[in-house]
Amino acid sequence: MVSLVSSARPSAAASAPITKPSKPLLRRATLSGTIRKSEDAELDIDLMSVPPSPNKKARVTFNPTVEEKVMEVYQAKGRSLDSIRAEVKRTIEAHVKNQGDSEGYDNMKEMFAPRRDEDDEGEGSNVDLRTYLVALTSYTSLLNKNCNGLVKAMLACEWMGRDEAFVKAYVQFLGSLASAQGAYVGSVLGMLVGYFYGIRLSSGRLPGCPDVNREQLTSRIHVALKYLLRLIPSASGILSPILATKFPFSDETKKIHVTYIDNLIRLIEYAPELKSDIFALITDRLVKIDVQMQVDLDDLDDDVAAAIVQAISLNPSRDDDADGEDSDSDADSVTSDEDIHGDAKRIKEVQGNVEKMDAILDLLFTIYSPYFSDPNSVEAASMFETLLGHFSNIILPTYRSRHTQFLLFHFAQTAEHLVDQFAGTCVHLAFQSSRPAVLRQSSAAYLASFVARGAHVPSHVIRTVFELIGDNLDVIRSDNELTCRGPDLKRYSTFYAMTQALLYIFCFRWRDLITSTDIAEEDDPAAFIGQDLTWAPGIKDTLTRTIYSKLNPLKICSPPIVAEFAKIAHHLRFMYVYPLLETNKRIRLSQYSSSQGNGALRDTGNGGNNESWHQLDAYFPFDPYQLPVSKRWIEGDYVQWKGVPGLNQEDDSDDDSSEEDDEDDVDVDDDDTATDGDDED
């Protein structure tokens, strides 16, 4: 755990007596992991019982009715199970020996093939199929690569919507196949994960079988996965990359994404070993959607982008199953775009991406929230460590991520120690010299934005962050000032990013940097204007040394942030920088730009002699949250921008002239007296 206080942390029994086994102790295994007995895997599906495997002797019973029922169920076309088993064995052996298709082999493949149309009831009845399925389960060891066609047909068969006995027999077949033929484990798992996109309701309405609703169909998928993961522990390592490979493409619909993620979360319940991989996968793909959405919005006119967000907020679609029980998956409903051309089609696509991003984030807030019901719990600590890992490895390196990071923003503010932990992580990353400069700059931006915008960030954390950044700036300045020719973004990019972070924090949280005051009405921000204020120790001295250094950060930092800082600092009688801003107008940055550098936090491109190309972007990752549905999660966490009372837009043009002669310096004594500054501006 990294906090503001600390930025680093260190990171055979004896065998039981063996009785004579009823069957061989050694069984074929091609996987590296242990293969458990199917009985130990606990096929806990709520299905009617099926007769035992043909390999097992039937339990002795004197009830003639039971025996008659067993014989009746396991008959296909008037033939007994033993007859079918013998046929299956002969057919497979003949096919493998001849290495070619045989009529019997082709008939078995056709028997399990899906219906070609709604009126096709298939070649075999439900009972016939189950009998052949049980027979094939006995000989999965024979289904090598030469039987790949039959295995594919069986994996593609319509099994979920059949009766409960068939489903249980099918799941047991999958377990036997995966245990006996390790090469098919990936195919079996891939088939099951393929249903994570959503299941057609028609899959539960098969001829001759009772109707099965979509929730029951989904449950059967997870029962099968749970059974396989318990039977073959090493299957988890195979399943993880399959989940990543089959994750929906970014252009898939909102419902497909939400359904897939819902199934991933359901998987975690019985496969906790995959929890870390699954949450990292979701975050990684969410960031990609986030970036693409932001690029699309930036390409649109501002009014059009605002209209899209407003349209979604006026008609939010939180439909988990809007298509109802009478329609198939959202994947089947494709809107024709032939009548939609040009901008209208583009706007529709962008709106769909915004809705998708909004729905996924709303789902993730809902998923993470229970872990933080008690922020002091072990569960909260573990989940927050997971989120911090996603931040460092996935979110932080992605420059244009716009909304995904608000997961950290919200859950970090559920407790003060989590605020401290997230801020400490940002400080650690920003000051870590071994990291690329662009990541250190981005870390500084995240730190400044979190501290400035977090409504539950206490005053002492704000002052600590300000002090830590200031100390680091002093080190960089003293190491480079003697050799500095002038402002150079490429050479001193980290210095400018950290300075801009301080300016941004000051603009939002200047009141929290005041340690004492004689003002009676402290709840009224206007009361601070024109008063002599006592600032936290070192605040003014640090900024003065930084701003008036040869590195000249006010020329490099984003002009809007510099202008806002200049106005607020002057009106609070904190600092007067307008003469320096006038001087900077005569400086051309291109003459100081070096050919060497550590990179800068801004968009790619060729700025040529354009001055703005040599200045920092106003990049702060927790700028206002725009997604209309999921916005509800952070409404109480967010500090909205409020102009300082007494500063009117009309006065902006007069700042450089009429106020320039008012005062050249404001002498404010620093004081060590501290007061509670939790109130927001």
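Up top is the structure these notes are about.
Please read these numbers as outputs of a predicted model, since none were measured by experiment. (Residues numbered from 1 in each chain as written. Predicted model: local features only at pLDDT ≥ 70, side-chain atom pairs only at ≥ 80, totals over all residues. Heavy atoms only, no water.)

**Here we look at the overall build of the protein chain**
So, step 1. The helix and strand inventory of the protein chain stands at 23 helices and four strands.
So, step 2. Of the accessible surface of the protein chain, which amounts to about 32,600 Å², a share of 48% is contributed by carbon and sulfur atoms. (Helix = DSSP H or I, 4+ residues; strand = E, 2+ residues; numbered from the N terminus. Areas by Shrake-Rupley, 256 points an atom, 1.4 Å probe, with all protein chains shown as cover.)

**Comments concerning the pattern of salt bridges**
So, step 1. What the rule picks out here adds up to 17 salt bridges.
So, step 2. Linking Glu 215 and Arg 266 is a salt bridge whose minimum nitrogen-to-oxygen distance equals 3.0 Å. Of the two residues, Glu 215 sits in helix H8 (residues 214-231) while Arg 266 sits in helix H10 (residues 254-270), which places them 51 residues apart along the sequence.
So, step 3. Glu 215 sits in the partly exposed class, given a relative accessible area of 45%.
So, step 4. Arg 266 gets classed as partly exposed once you look at its relative accessible area, which sits at 24%.
So, step 5. Sharing partners across several salt bridges, the network here consists of Asp 474, Arg 477, Glu 481 and Arg 545. (Salt bridge = Lys/Arg side-chain N within 4 Å of Asp/Glu carboxyl O. Buried < 20%, exposed > 50% of the residue type's maximum accessible area, 1.4 Å probe, protein only.)

**Focus on the packing of aromatic side chains**
So, step 1. Per the counting criterion, the structure on display carries 35 aromatic pairs.
So, step 2. When the ring of Tyr 170 is compared with that of Phe 173, the centres are 6.2 Å apart and the planes differ by 45 degrees; the resulting orientation is tilted. Residue Tyr 170 and its partner Phe 173 are located together in helix H6 (residues 164-180), separated by three residues, close to a single helical turn. Here Tyr 170 and Phe 173 have matching classes, each one buried.
So, step 3. Residues Phe 506 and Phe 565 carry aromatic rings whose centres are separated by 5.3 Å and whose planes lie at 70 degrees to one another, so their mutual orientation is edge-to-face. Of this pair, Phe 506 sits in helix H19 (residues 493-509) while Phe 565 sits in helix H22 (residues 559-571), and the two are 59 residues apart along the sequence. With respect to class, Phe 506 is no different from Phe 565; both count as buried.
So, step 4. Taken together through their ring pairs, the aromatic side chains of Phe 391, Phe 406, Phe 409, Phe 422, Tyr 446, Phe 450, Phe 622, Tyr 625 and Tyr 638 make up a single cluster.
So, step 5. The ring of Phe 166 has Arg 162 sitting right over it, with the charged end atom 5.4 Å from the ring centre. (Phe/Tyr/Trp six-rings, centres within 6.5 Å; stacked < 30°, edge-to-face > 60°. Lys NZ or Arg CZ within 6 Å of the ring centre and 35° of its normal.)

**Quick word on H10**
So, step 1. Given a rise of 1.5 Å per residue, 17 residues ought to cover 24 Å, and the 26 Å separating the end C-alpha atoms of H10 matches this to within 8%.
So, step 2. Counting buried positions along H10 yields 14 of 17 residues, so the element is predominantly enclosed. (Expected span 1.5 Å × (residues − 1).)

**A word on the environment of Lys 490**
So, step 1. Relative to the elements of secondary structure, Lys 490 occurs in the loop between helix H18 (459-480) and H19.
So, step 2. The spatial distance from the C-alpha of Lys 490 to the C-alpha of Ala 437 is 9.8 Å, given a sequence separation of 53 residues.

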